Amino acid sequence: MTNESNRRDFLKTSGLLTGSALLGGLPFGAQAEMAGYGYHTSANDTIKVALIGCGGRGTGAAQQALSTKQNVKIVALADAFRDRVDDAYKALTERGAKAADGTPKVDIPEDRKFVGFDAYKQAIPLADVVILATPPGFRPSHFEEAVRQGKHVFMEKPVATDAPGIRRVLAAAEEAKRKKLNVVVGLQRRYQPSYREMIKRIHDGALGDIVGGQVYWISGGVWHKPRKPNQTEMEYQMRNWYYFNWLCGDHINEQHVHNIDVANWVKNSYPVSCQGTGGRQVRTSKEDGEIFDHHIVDFVYADGTTINSQCRHYEGTFSRVDEMFLGTKGKVEGMEKRTSALMGYNGQPIHTYDAKADGNPYQIEHDELFAAIAKGDYKFADAERVAKSTMTAIMGRMATYSGKVVKWDEALNSQIDLFPTTLAWDAMPKSLPDKDGFYPIAVPGKTIAV
C-alpha cells in the first residue's frame, strides 16, 4: 500500500463514525471493533482540528499545526471566555493561511465558536485532532472526552494538578492506546534534536551510570491580571490561573515539569520518594494567590540516585533553565544550547553536538504528529509518560508544602482533590481569600502531605 492510499484509509477510518455507511458491509463484531477504535469520515483528506483553550499557548499550538506540511484546517474554537475565542480567531485568521486548493486553512464560522465550561464538548466532535491548551486543571476531563470520542490529541503540559487528576489521565492514556490514537504532549525537549541525540548516547552508556544531577527553572516569574469590579471569585481565579493550585499546580508543576521530565528521561525511571523545602520569600502579595515562589527538592530514584530540583520566581536575580547530570565516566549540561557536549572528567569531550541547523522543537512535535496521522501511523503515546512526570512534580509540591518525605505510591494514591465541586461563574473554588484578600498558604510541618 502506498503512503497516499494509506493516508486516505486512515483519515476515513480514524475518529468517531457519524454514520453507518463505512461500516455497513462489515459483520457486526467488526463494526463494533472499528467503532471502538474511534473512526470518522474526513472529506478531501483534510485533517480537521479543534482548539480547546484559546490563550497564547493554545493559539501558538494551532499556528504550529497550520504550519505543518499536511492539509490541516482549524474548524472550531472553545474557551471559557469569549474574548479569548475572539483573540485566537483574529490571530489565526490574520495570516491568511490557505490550503493547496486555495481555501482558507482557518474555517471557523460563528456557530463553531464555543464559550463556557462545557464548550469543549461541543468542539471536539467536529475534529479529527484536538489541541488541549486550557489551564492544566482542566486537562484530565478534556483528555478523557477527546479519547472517548476517538480523537488524536496534542495537549500541553502539565496534564493535571493533583493525584486524582493524574489517575484519570493514566486511565484515559490506556484507552487511547487501545484505540490507537496518537497523543503528543508539549514537553518539547522530547522532540528537540539535541536532547534526543545526547540522551540516546547517555542511555547507550557514554557517561556510564548516572549517579546524580541537578535540574533548574530559576526565573523572574509571570503575569498578574488585576481584579475587576463585580468579577466573581471563579472568574478572578481563572483569569489568574497561574496562582491557584487547582488550575496550575504551582510553578514546580506548570513550568519546572519540563526539567523534571528530562531527569526522568535520563534516568529512564521515576523517583520512589522525595523531600524538599519551599515557601514565599519575595512574592507575598494577595495577587500572588496561594503558590510558593521557590521549591528545592531532592528526588530519589530506586537505584539510590538523587537528582536535585530547583525552581524559583525572583525578579532581578540569577536565572537558569537547564539540566546537569553526572555519570561515572563524565557529565553533561546545557543540552538546550546551540552546541553541547558530553564531557569526560579529564576535560575532554566524549561527544559534541552542533544544533545550529536544528528546527524549532515546538514545531517539530506538530510536524511529527500530523505526519503520522496523515500516513495512517500509530506512533505517539506520550500521555502515560507525561502523567508520571507531572506526578513527579506534584509529589515535589507535596514535599515542599508539608516538609515531609513523600513516597511515590502514597502520592499517586492521594485523595486530595483540588478541583471545585461545581463549575459555574457564581460557584466557589475550594481556596478562598480572607477578609483582607489573602489566600491560605501551605505551612511546612502543618500542611498535610498527601
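Remember, predicted model here, so these are calculated numbers, not experimental data.

Student: What is the right way to look at the UniProt feature "domain: Gfo/Idh/MocA-like oxidoreductase N-terminal" (unreviewed entry) in the protein in this model?
Tutor: As annotated in UniProt, the feature "domain: Gfo/Idh/MocA-like oxidoreductase N-terminal" (unreviewed entry) corresponds to residues 47–179 in the numbering used here. Secondary structure content for residues 47–179 is 41% helix and 19% strand, while the C-alpha to C-alpha distance between its ends is 18 Å.

Student: Just checking my understanding: could you explain the sheet that holds strand β12 (residues 330–333) for this structure?
Tutor: Across a sheet, paired strands are connected by hydrogen bonds in the backbone, their directions being either parallel or antiparallel. Here nine strands make up an open sheet; going across it, the order is β14-β13-β12-β11-β7-β10-β9-β8-β15 and the pairing mixed. One side of each edge strand has no neighbouring strand; the edge strands of this open sheet are β14 (349–354) and β15 (406–407). Both strand β8 (residues 273–279) and strand β9 (residues 294–300) contribute to a ladder of seven bridges, which runs antiparallel. Looking at β9, one finds that Thr277 is bridged to Ile296. Sitting on the sheet, helix α8 (residues 193–203) touches β7 (210–219), β11 (320–327), β12, β13 (339–344) and β14, and the angle it makes with β14 is about 160°. Against the sheet, helix α13 (residues 383–402) contacts β8, β9 and β15, and its axis sits at roughly 55° relative to β8.

Student: I tried to follow the packing of helix α11 (residues 257–267) against α13 on my own but got confused; where do I start?
Tutor: Packed helices, taken two at a time, are described by the angle their axes make and the gap between the axes. It is the contact of α11 with α13, at a shortest axis distance of 9 Å, that shows an interaxial angle of 115°. Classified by the angle between their axes, α11 and α13 sit roughly perpendicular to one another. For the pair α11 and α13, the sense of crossing is right-handed. On α13, the residues that touch Val257, Ile260, Asp261 and Asn264 of α11 are Arg385, Ser389, Thr390, Thr392 and Ala393.

Student: Sorry if this is basic, but what is going on with the state of the cysteines here?
Tutor: Structurally, a disulfide amounts to a covalent bond that connects the sulfur atoms of two cysteines. In total, this model carries zero disulfides according to the counting rule given. In this structure Cys311 is a free cysteine whose sulfur lies 10 Å from that of Cys248, the closest cysteine sulfur available.

Student: Teacher, can you tell me more about the side chain of Lys157 here?
Tutor: Within the secondary structure, Lys157 is located in the loop between β5 (152–155) and α7 (163–178). Within the structure, the side chain of Lys157 is placed 2.7 Å from the backbone oxygen of Glu254, a separation counted as a polar contact. In contact with Lys157, not counting residues within four places along its chain, are Arg139, Val185, Gly186, Leu187, Glu254, Val257 and His258.

Student: What's the story with the pairing of β13 in this structure? I'm lost.
Tutor: On a regular strand, one side chain projects to one face of the sheet and the next to the other, so that they alternate. Where β12 lies against β13, four bridges are found, and the strand directions are antiparallel. Across the sheet, Gly330 pairs through a bridge with Gly344, a residue of β13. Taken together, β12 and the strand that follows it, β13, pair antiparallel across an intervening segment of five residues, in which Gly334 is found at a positive phi of about 70°.

Student: Just checking my understanding: could you explain the nonpolar core for this structure?
Tutor: When a protein is soluble and globular, its nonpolar side chains tend to lie buried together. Counting 72 residues, the largest nonpolar core has Phe143, Met155, Ile166, Phe325 and Met391 as its most contacted members. No other element matches the nine residues that α13 contributes to this core. Other than its neighbours up to four places away in sequence, Met155 contacts Leu132, Arg139, Phe143, Val183, Val184, Val185, Gly186 and Ala383. By size, the runner-up hydrophobic cluster in this structure holds 29 residues, among which are Leu77, Val129, Ala133 and Leu369.

Student: Got a minute to help me understand the layout of surface pockets in this structure?
Tutor: A water-sized probe, rolled over the atoms, reveals where empty space remains. There is about 820 Å³ of room inside the largest pocket. Together, 43 residues line the largest pocket, and Arg57, Ala133, Thr134, Pro135 and Trp241 are the ones closest to its centre. For the lining of the largest pocket, the secondary structure elements donating two or more residues are α3 (56–66), β2 (72–79), α5 (119–123), α6 (139–148) and α9 (233–239). Ranked by residues supplied to the lining of the largest pocket, first place goes to α3 with three residues. Here the residues of the lining of the largest pocket sort into 20 nonpolar, 12 polar and 11 charged.

Student: When you look at the sheet that holds strand β4 (residues 129–132) in this model, what are you seeing that I'm missing?
Tutor: The strand order across the open sheet built from six strands is β3-β2-β1-β4-β5-β6, with neighbouring strands paired in parallel fashion. The sheet terminates laterally at β3 (113–115) and β6 (183–185), the two strands that pair on one side only. Neighbour to neighbour, the strand axes of the sheet diverge by 20° on average, direction disregarded. Here four bridges tie β4 to β5, and the two strands are oriented parallel to one another. Across the sheet, residue Val130 finds its bridge partner in β5, namely Val153.

Student: How should I be thinking about a nonpolar patch on the surface in this particular structure?
Tutor: On the surface, a cluster of nonpolar side chains totalling about 270 Å² of accessible area is made up of Val211, Leu326 and Tyr345. Along the chain, Val211 falls in strand β7. Classification of Val211 as partly exposed rests on a relative accessible area of 47%.

Student: Would you explain unusual backbone geometry in this entry?
Tutor: The step from Lys157 to Pro158 runs through a cis peptide bond, and the omega angle for that step is -20°. Tracing the backbone through its elements, the reader meets Pro158 in the loop between β5 and α7. Within the chain, Lys180 stands out as a residue other than glycine whose phi angle is a positive 60°. On the basis of relative accessibility, which here comes to 42%, the residue Lys180 falls in the partly exposed class. Of note in this structure, Asn230 is not a glycine but carries a positive phi near 65°. What makes Asn230 exposed here is its relative accessible area of 81%.

What counts and what doesn't
Every chain's residues receive numbers from 1 upward, in the order its sequence appears when written. With the structure being a predicted model, the display of local features is reserved for residues of pLDDT at least 70 and the display and counting of side-chain atom pairs for 80 or more, all residues being used for whole-chain, interface and lining totals. Hydrogens are left out, water is left out, and the side-chain values use all remaining heavy atoms of the structure. UniProt positions are given in the numbering used here, feature names are shortened, and annotations may be inferred rather than shown by experiment. Only DSSP runs of H or I with at least four residues qualify as helices, and only runs of E with at least two residues qualify as strands; both kinds are numbered from the N terminus onward. Pairing between two strands is assigned when DSSP locates at least 2 bridges connecting them. It only takes one pair of heavy atoms within 4.5 Å for two residues to be counted as in contact. Interaxial angles span 0 to 180 degrees and are taken between N-to-C directions of axes, which are lines fitted to C-alpha atoms, for helices over the stretch in contact. Each angle is binned into one of four classes, with values under 35 degrees roughly parallel, values over 145 roughly antiparallel, values of 65 to 115 roughly perpendicular, and all other values oblique. Crossing handedness is defined as follows: a turn of the near helix away from the far one that is anticlockwise and smaller than a right angle gives a left-handed crossing, while the clockwise case is right-handed. For the purposes of this analysis, a disulfide is any pair of cysteine sulfur atoms at a distance within 2.5 Å. The term polar contact refers here to a pair of N or O atoms within 3.5 Å; inside protein, the definition further demands a hydrogen-donor-capable atom paired with an acceptor-capable atom, and it admits residues adjacent in sequence only when both atoms are side-chain atoms. Among buried residues, those of type Ala, Val, Leu, Ile, Met, Phe, Trp, Tyr and Cys that are joined through side-chain atoms within 4.5 Å constitute a nonpolar core. Here the term buried applies to any residue with accessible area under 20% of the maximum for its type, exposed to any over 50%, and partly exposed to those in between, with areas from a 1.4 Å probe on protein chains only. Here a cavity denotes grid points, spaced 1 Å and computed from the protein atoms alone, that fit a 1.4 Å probe unable to get out, and a pocket denotes an open set having protein on both sides within 12 Å along at least 5 of 7 lines; residues with an atom within 4 Å of a point are the lining. Grid points are joined across faces, edges and corners, and a volume is the space filled by probe spheres set on the points. Residues were grouped as follows: Ala, Val, Leu, Ile, Met, Phe, Trp, Tyr, Cys and Pro as nonpolar; Asp, Glu, Lys and Arg as charged; and all remaining residues, including Gly, as polar. The patch calculation keeps residues exceeding 30% relative accessible area without a salt bridge and links them within 9 Å when they carry like charges or within 5 Å when they are nonpolar (Val, Leu, Ile, Met, Phe, Trp, Tyr). Every accessible area reported is derived by Shrake-Rupley at a probe size of 1.4 Å, with residue values counting cover from the shown protein chains alone. What counts as a salt bridge is simple: a side-chain nitrogen of Lys or Arg found within 4 Å of a carboxyl oxygen of Asp or Glu.

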